[in-house]
Amino acid sequence: MGVLKDRDDGAPAQLRAGRFNRHTFWCGQSGSGKTYALGVVLEQLLIETRLPMLILDPNADFVRLGEVRPEADPVAGEQLRSQDIHVLRPSDDPDVGLHVRWLDLDLPSKAAALRLDPVQDPVEYNALLHVIDHAQGDATKLVENLQTTSTTGGQQLLKRIENLRVLDWNAWAWGRSGAEALLEERPRAMVCDLGGFRQPEEPQVVALALLDYLWRHREERRPVLIVIDEAHNVCNPNPMTRLERALTERIVQIAAEGRKFGLWLLLSTQRPSKVHPNVLSQCDNLGLMKMGSPRDLAELEEYFGYASPELLHRSPTFVQGEVLFAGGFIAEPSIVQVGARLTEEGGSDVKVPLH
């Protein structure tokens with residue numbers, strides 16, 4: 001996957017694939033090559049392991065993970081082509097695309113999508129408790145039940161749903177098989193393109209639905225690597241809305257307790273301060289690319305004591321594609337120049353048009 005920078009002989013760098021059964025934190029400032037390098041690691045995990053991956057991808061950076069470059073090594077390329085990789089995108093067509101089931105959401109998650117609090121909104125919350133038992137997964141049935149109810153709570157809940165236009169979201173699978181069904185099959189990679197939804201709450205509710213599903217079935221102990229790009233969007237240290245709080249709480253729960261159930265996180269973001277500290281503190285693997293902020297480096301030094309300060313403070317001098325690996329997934333902390341991608345990069349930068 002690359003070469004060791006502090007070796008003159010160009011020795012290859014290798015990560016211990018078996019140690020991705022720990023949570024991993026991946027960070028680097030804009031322009032460091034963070035997403036490209038992460039793609040190299042994901043490709044190698046596809047080739048070297050049978051570990052299923054759920055990739056929450058807000059910028060369509062990994063949607064071409066199954067498209068092998070013409071110049072790629074033919075053996076590795078064929079190995080990647082043979083992998084079971086699914087890419088789900090937002091769509092107006094309810095029969096295809098990235099959709100989740102309303103009924104499969106946990107009750108607190110349903111309430112969060114409706115901005116309901118069980119204490120502050122007790123009447124509407126109670127109405128929600130009763131109406132979901134008769135919705136049968138269908139939006140029309142849900143509305144009909146509320147329209148025919150004579151209770152104050154039911155009428156208030158109907159107005160809330162109509163005002164927020166929640167039932168108009170493309171994220172819902174209403175009465176059909178959702179992304180949860182594909183996740184149950186555990187494909188090698190399930191890439192969820194979270195960009196393209198019309199409402200900002202939709203990518204959050206999709207991510208929450210899939211994480212809820214994994215947590216609800218955690219006792220099955222079926223391993224999966226949960227890759228969350230731009231992780232600050234889903235586990236911010238200061239979530240503002242009920243939906244953001246529900247999503248952050250679920251990820252904190254997975255970070256604290258998920259490892260023993262085979263739910264392993266790989267979180268990627270630009271700065272450690274953007275991720276909830278209760279998640280950051282649970283990460284045993286570190287991938288650090290160029291980071292120029294002394295404050296961020298000091299925070300990384302606090303959380304990742306297994307990476308020496310000397311190596312951490314070389315980070316501002318890294319060129320694009322250089323990464324410091326430390327933790328259980330590498331024999332010793334090392335600076336690596338990451339190699340070329342085997343597959344196409346999805347969200348590459350827009351180039352300046354030239355004469």
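Residues numbered from 1 in each chain as written. Predicted model: local features only at pLDDT ≥ 70, side-chain atom pairs only at ≥ 80, totals over all residues. Heavy atoms only, no water.

1. With respect to the packing of helix α4 (residues 122-131) against helix α6 (residues 152-164)
Turning to step 1, where the next piece is worked out: It is the contact of α4 with α6, at a shortest axis distance of 8 Å, that shows an interaxial angle of 90 degrees. Accordingly, the angle class assigned to the pair α4 and α6 is roughly perpendicular. Here Val-123, Glu-124, Ala-127, Leu-128 and Val-131 of α4 come into contact with α6, specifically with Thr-152, Gly-153, Gly-154, Gln-156, Leu-157 and Arg-160.
Turning to step 2, where the next piece is worked out: For the contact of α4 with α6, a count of residues per class yields five nonpolar, four polar and two charged. (Axes fitted to C-alpha atoms, helices over the stretch in contact; angles between N-to-C directions. Helix = DSSP H or I, 4+ residues; strand = E, 2+ residues; numbered from the N terminus. Parallel < 35°, antiparallel > 145°, perpendicular 65-115°, else oblique. Contact = heavy atoms within 4.5 Å. Nonpolar A, V, L, I, M, F, W, Y, C, P; charged D, E, K, R; others polar.)

2. A word on the sheet that holds strand β9 (residues 322-327)
In sheet architecture, strand pairing relies on hydrogen bonds along the backbone and comes in two forms, parallel and antiparallel.
Turning to step 1, where the next piece is worked out: Across the sheet, 10 strands lie side by side as β1-β10-β9-β8-β2-β7-β6-β3-β5-β4; this open sheet has mixed pairing. Because the sheet does not close on itself, it has two edges, and the strands there are β1 (2-4) and β4 (85-88). The mean inter-strand angle of the sheet, taken between neighbouring strand axes irrespective of direction, is 20 degrees. (Pairing = 2+ DSSP bridges.)

3. Quick look at the confidence of the model for the protein chain
Low pLDDT means the predicted coordinates in that region are not meant to be read closely.
Turning to step 1, where the next piece is worked out: Mean pLDDT over the protein chain stands at 91; residues scoring 70 or higher make up 95%.
Turning to step 2, where the next piece is worked out: Within the protein chain, helix α5 (residues 139-148) has the poorest average pLDDT of any element, 75, and strand β6 (residues 224-228) the best, 98. (pLDDT = per-residue confidence, 0-100.)

4. Things to note about the packing of aromatic side chains
Turning to step 1, where the next piece is worked out: In total, this model carries 10 aromatic pairs according to the counting rule given.
Turning to step 2, where the next piece is worked out: Between the aromatic rings of Trp-26 and Phe-325, the centroid separation amounts to 5.6 Å while the plane-to-plane angle is 55 degrees, which identifies the pairing as tilted. Here Trp-26 is found in strand β2 (residues 23-27), whereas its partner Phe-325 is found in strand β9, with 299 residues between them in sequence.
Turning to step 3, where the next piece is worked out: Overall, Phe-325 belongs to the buried group, its relative accessible area being 1%.
Turning to step 4, where the next piece is worked out: Taking the centre distance of 6.0 Å and the plane angle of 55 degrees together, the rings of Trp-172 and Trp-174 count as tilted.
Turning to step 5, where the next piece is worked out: Of the residues examined, Trp-172 reaches a relative accessible area of 3% and is grouped as buried.
Turning to step 6, where the next piece is worked out: By relative accessible area, which is 13% here, Trp-174 ends up buried.
Turning to step 7, where the next piece is worked out: Put simply, the rings of Phe-20, Trp-26, Phe-325 and Phe-329 touch in pairs and so form one group of aromatic residues.
Turning to step 8, where the next piece is worked out: For Arg-218, the ring lying beneath its charged end belongs to Phe-261, and the centroid distance is 5.8 Å.
Turning to step 9, where the next piece is worked out: Positioned above the aromatic ring of Tyr-36, the side-chain terminus of Arg-341 is 5.7 Å from the ring centre. (Phe/Tyr/Trp six-rings, centres within 6.5 Å; stacked < 30°, edge-to-face > 60°. Buried < 20%, exposed > 50% of the residue type's maximum accessible area, 1.4 Å probe, protein only. Lys NZ or Arg CZ within 6 Å of the ring centre and 35° of its normal.)

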